[in-house]
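# Descriptive analysis of the structure
Here is what each chain is made of, one letter per residue.
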Amino acid sequence: MATELLADYSDIVDAQAGATTAKNFYLINGKVALAINSAAAGADNVFAYACPKARVPKASGQVWDVLQLIYWDDVAKNFTTVVTSNTLAGVVVSDAASADTEGVIDFSPFA
């Protein structure tokens, strides 16, 4: 499976300095956002910044528990339970085992 929004989402339109790729996460003003489309550098794109149910890439080796805080690791390009230098991105809405490569979160910059 791949990154996907499993429910209605809140979005904004923004132009980034670099090109953006659909279904990749970006930091915009210190908040995590998902590019809905691909766009050239400087071109407007739609970014989801909140969704109550989103399937996302998960850090390997971690066990996720419901309502656990979740963070975006912009270096590893995945979501993690590790706080250090990562960006708060929401809470876990479905348990995930350590071998899972994806998890389901309530994706919200306001968690």
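Scroll up for the structure.
Source: prediction; values computed, not measured. (Residues numbered from 1 in each chain as written. Predicted model: local features only at pLDDT ≥ 70, side-chain atom pairs only at ≥ 80, totals over all residues. Heavy atoms only, no water.)

## Notes on the nonpolar core
Core analysis: the biggest nonpolar cluster contains 16 residues, and Phe-25, Val-32, Val-56, Trp-64, Phe-79, Ile-105 and Phe-107 have the highest contact counts within it. Listing elements by their share of this core, those giving two or more residues are strand E4 (31-35), strand E5 (44-57), strand E6 (69-73), strand E8 (87-94) and strand E9 (102-107). The greatest single-element share of this core, amounting to 4 residues, is contributed by E5. The contact partners of Val-32, leaving out residues within four places of it in the chain, are Phe-25, Tyr-26, Leu-27, Ala-48, Tyr-49, Trp-72, Phe-79, Thr-87, Leu-88, Ala-89 and Phe-107. (Core = buried A, V, L, I, M, F, W, Y, C linked by side-chain atoms within 4.5 Å. Buried < 20%, exposed > 50% of the residue type's maximum accessible area, 1.4 Å probe, protein only. Helix = DSSP H or I, 4+ residues; strand = E, 2+ residues; numbered from the N terminus. Contact = heavy atoms within 4.5 Å.)

## Notes on the packing of aromatic side chains
Summed over the entire model, instances satisfying the criterion amount to 6 aromatic pairs. Ring geometry for Phe-25 and Phe-107: centres 5.6 Å apart, planes at 85°, overall edge-to-face. Within this pair, whereas Phe-25 is found in strand E3 (residues 25-28), its partner Phe-107 is found in strand E9, the two being separated by 82 residues in sequence. With respect to class, Phe-25 is no different from Phe-107; both count as buried. Their ring planes at 85° and their centres at 6.5 Å tell us that Tyr-49 and Phe-110 sit as a pair that is edge-to-face. Of the two residues, Tyr-49 is situated in strand E5 and Phe-110 in the segment after E9; the sequence distance between them amounts to 61 residues. The class for Tyr-49 is partly exposed, based on a relative accessible area of 27%. Taken together, the ring pairs in this structure connect Phe-25, Trp-72, Phe-79 and Phe-107 into an aromatic cluster. (Phe/Tyr/Trp six-rings, centres within 6.5 Å; stacked < 30°, edge-to-face > 60°.)

## Concerning the pairing of E3
Bridge count between E3 and E4: 4 bridges; the pairing is antiparallel. Within the sheet, the bridge partner assigned to Ile-28 lies in E4 and is Lys-31. Hairpin geometry of E3 and E4 is characterised by an intervening segment of 2 residues between the two adjacent antiparallel strands and by a positive phi of about 50° at Asn-29. (Pairing = 2+ DSSP bridges.)

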